[in-house]
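Structure assessment
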Amino acid sequence: MSAASCLLTEDQFLCSICLDVFTDPVSTPCGHNFCKTCITENWNINVLCQCPNCKKLFYTKPELQVNTFISEMAAQFRQSAQQKASSSSSEQQAAKPGEVPCDVCTGTKLKALKSCLVCLGSYCETHLKPHLTMAGLKRHQLIDPVENLEGRMCTKHDKLLELFCKTDQMCVCMLCSVSDHKTHDVVPLKEEYEGKKAELGKTEAETQQMIQKRRLKIEEIKRSVELSKEDADREIAGGVQVFSALKESVERSQAELIDTIKEKQRETEKQAEGFIKELEQEISELKKRSSAPPTKDWTEVSIRPPSYEGTVRRAVNQLEETLSEQMKKLPELKRVQQYAVDVTLDPDTAHPKLILSDDGKQVKHVDVKKNLPDNPERFDYFVIVLAKQSFSSGRFYYEVQVKGKTEWGLGVARESINRKRNFTVTPQDGYWTLCLIENEYYAFDDPAVCLSLKSQPEKVGVFVDYEESLVSFYDVDAAALIYSFTGCRFTEKLYPLFSPGLNDGGKNSAPLIISPVNHTE
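My aim in this report is to walk through the structure given alongside it, one point at a time. (Residues numbered from 1 in each chain as written. Predicted model: local features only at pLDDT ≥ 70, side-chain atom pairs only at ≥ 80, totals over all residues. Heavy atoms only, no water.)

**Comments concerning the sheet that holds strand 7 (residues 142–143)**
- Taken in spatial order, the 3 strands of this open sheet run 6-5-7, and their pairing is antiparallel. Two strands close off the open sheet at either side, each with one partner strand: strand 6 (121–123) and strand 7.
- For strand 5 (residues 114–116) and strand 7, the ladder comprises 2 bridges, and the chain directions are antiparallel. Looking across to strand 7, one finds that Cys116 is bridged to Leu142. (Pairing = 2+ DSSP bridges. Helix = DSSP H or I, 4+ residues; strand = E, 2+ residues; numbered from the N terminus.)

Quick look at the structure:
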């Protein structure tokens, strides 16, 4: 039996209906073999009993019996085929995610090599062989493996949906394109797929970019909250310090007030006790004598209550002075110094008569004009230089030494300012500056403000809060606010601005110096 089976081809053991090895094989009167279940279901579905292979009609349904000879041979062949498939399956790859699996494989699904448009199934190397060898199956159209093939078939023409109708936005087959969609814009499905894929890729990239921007905004908001909390903690600590000192001062003033009033009352009581004692002594002397002894004239003697007027007022005034002193100690400068940034001068913007130090931290004016390229960024009218750094959000602070100078200007300017002709250094033209000119300090607001300062600052701090539209100037040594520009219109980048003023025959030769920030205590 084994020898005989070896002489038979693989096709002779396959049912032409299920394309698998015979299970309970039966023979029809015309001599063809099928699985008993396959031929029975075929005849139950069709009105006429017809051989699926040769199409011979049987007007009476034949009584089918299992062919034991073929059954034994099929069983033996199945065992041999399973062993062979087992050894070859290790060489064939199992279907990975995204790959089309074989529809016939049981257990581990192997990777499909082809799909059949007639059978609407996909087959691995082993189960594809009948389509390559059997005469009836060779006529079937095979394509590259496609998953869910039945869902990709045109229900009207039973053809593969391999075209796309742009007019109706739907997949169609070749017959649809020349019938219902004849005048429509029809393109190959692959072409439409690639186009949609590119669009989706672009959309995905834009979406990812939007997501990234929002993640950055979240981080920015979180950082703002952190900075706000730090500010709040500092303000609370400063407030607690001030009010603790104020509370101590109130308690001390109250105690001093009470002691003062009580002391005056004690002095009054002591004086009264002395008068009473003296009077009682005279009364005693008068009782002992028949004639009146010389006595003190008590007509003008009286006890005048002490005056407390002004005591409370003086205590309150002292309290106000204490409160004023504590208010001056509020850590405003210390608060803004935490936003210190490293600033260096930009030689490409410097007026030709300005000399910059190699480290970009100092600038002074000389009488000799240097031969420099007249680039668009350079100032050629006012002796000004900008910093290399720019700021378009948040807060920043820097300090400049102005000691020994008789003229100078500091502040910030927006990027689009005029640099090539006469202009006003006012907010209207994009400048927010504080200047010393002819021994007078000016804040060039709209209009300019002449400032009266208690002392001449030797180091000036410049603080900018972009979101709060604020520019403030501080006398660093006195820890005092000089002037603030409020309600500023910031719409572009801001650059720190420096002007050392004219040399004035050596009277104003000292440089402006960008100083490192030493945080005040």
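**So, the pattern of salt bridges**
- According to the stated counting rule, one finds 12 salt bridges in the structure shown.
- Notably, a salt bridge pairs Glu192 with Lys196, separated by 3.8 Å at the nearest N-O pair. On the criterion of helical spacing, the pair formed by Glu192 and Lys196 is a turn pair, its members being 4 residues apart in helix 7 (residues 189–288).
- Look at Glu192 and you get buried, because its relative accessible area is 11%.
- Residues Lys361 and Asp342 are paired through a salt bridge, measuring 2.6 Å at the closest nitrogen-oxygen approach. A residue pair is termed long-range when its members are at least 10 positions apart, and Lys361 in the loop between strand 11 (354–356) and strand 12 (362–365) and Asp342 in the loop between helix 9 (332–337) and strand 11 qualify at 19 residues.
- Within this structure, Lys166, Glu192 and Lys196 form a network of salt bridges that share partners. (Salt bridge = Lys/Arg side-chain N within 4 Å of Asp/Glu carboxyl O. Buried < 20%, exposed > 50% of the residue type's maximum accessible area, 1.4 Å probe, protein only.)

**Details of the sheet that holds strand 17 (residues 440–443)**
- Read across the sheet, 6 strands follow the order 13-22-15-16-17-18 without closing on themselves; strand pairing throughout is antiparallel. Two strands bound the open sheet, and with one partner strand each, they are strand 13 (385–386) and strand 18 (449–451).
- Here 6 bridges tie strand 15 (residues 408–414) to strand 22 (residues 494–499), and the two strands are oriented antiparallel to one another. If you follow Val412 over to strand 22, its bridge partner there is Pro496.

**So, the layout of surface pockets**
- Its volume calculated, the second largest pocket comes out at about 510 Å³.
- Among the elements of the structure, helix 4 (125–133) and helix 5 (135–138) are those that each provide at least two residues to the lining of the second largest pocket.
- Each residue belonging to the lining of the second largest pocket can be placed in one class, and the counts come to 11 nonpolar, 6 polar and 3 charged. (1 Å grid on protein atoms, 1.4 Å probe; cavity = no way out; pocket = protein on both sides within 12 Å on 5 of 7 lines; lining within 4 Å. Points joined across faces, edges and corners; volume = space filled by probe spheres on them. Nonpolar A, V, L, I, M, F, W, Y, C, P; charged D, E, K, R; others polar.)

**Describing the nonpolar core**
- Counting 37 residues, the largest nonpolar core has Trp408, Val471 and Phe498 as the members making the most contacts within it.
- The contact partners of Val471, leaving out residues within four places of it in the chain, are Val412, Trp432, Phe463, Val464, Tyr483, Ser484, Phe485, Cys488 and Phe490.
- Counting residues in hydrophobic clusters, the runner-up holds 19 residues, among them Phe13, Cys15, Ile39 and Ala74. (Core = buried A, V, L, I, M, F, W, Y, C linked by side-chain atoms within 4.5 Å. Contact = heavy atoms within 4.5 Å.)

**Some points on the pairing of strand 21 (residues 480–485)**
- The sheet contact formed by strand 20 (residues 470–475) and strand 21 spans 5 bridges and is antiparallel. Note on strand 21: the bridge partner recorded for Phe473 is Tyr483.
- Joining the antiparallel neighbours strand 20 and strand 21 is a turn of 4 residues, in which Ala479 adopts a positive phi near 50°.

**Overview of helix 2 (residues 36–45)**
- Those residues of helix 2 not exposed but buried are Cys38, Ile39 and Trp43. All buried residues of helix 2 lie within an arc of 125° about the axis, which places them on one face of the element. Summarising the geometry of helix 2, the exposed residues directed more than 90 degrees from the buried face are Asn44 and Ile45.
- Here the buried face of helix 2 lies against strand 1 (25–27), strand 2 (33–35), strand 3 (49–50) and strand 4 (57–58). (Arc of directions from axis to C-beta.)

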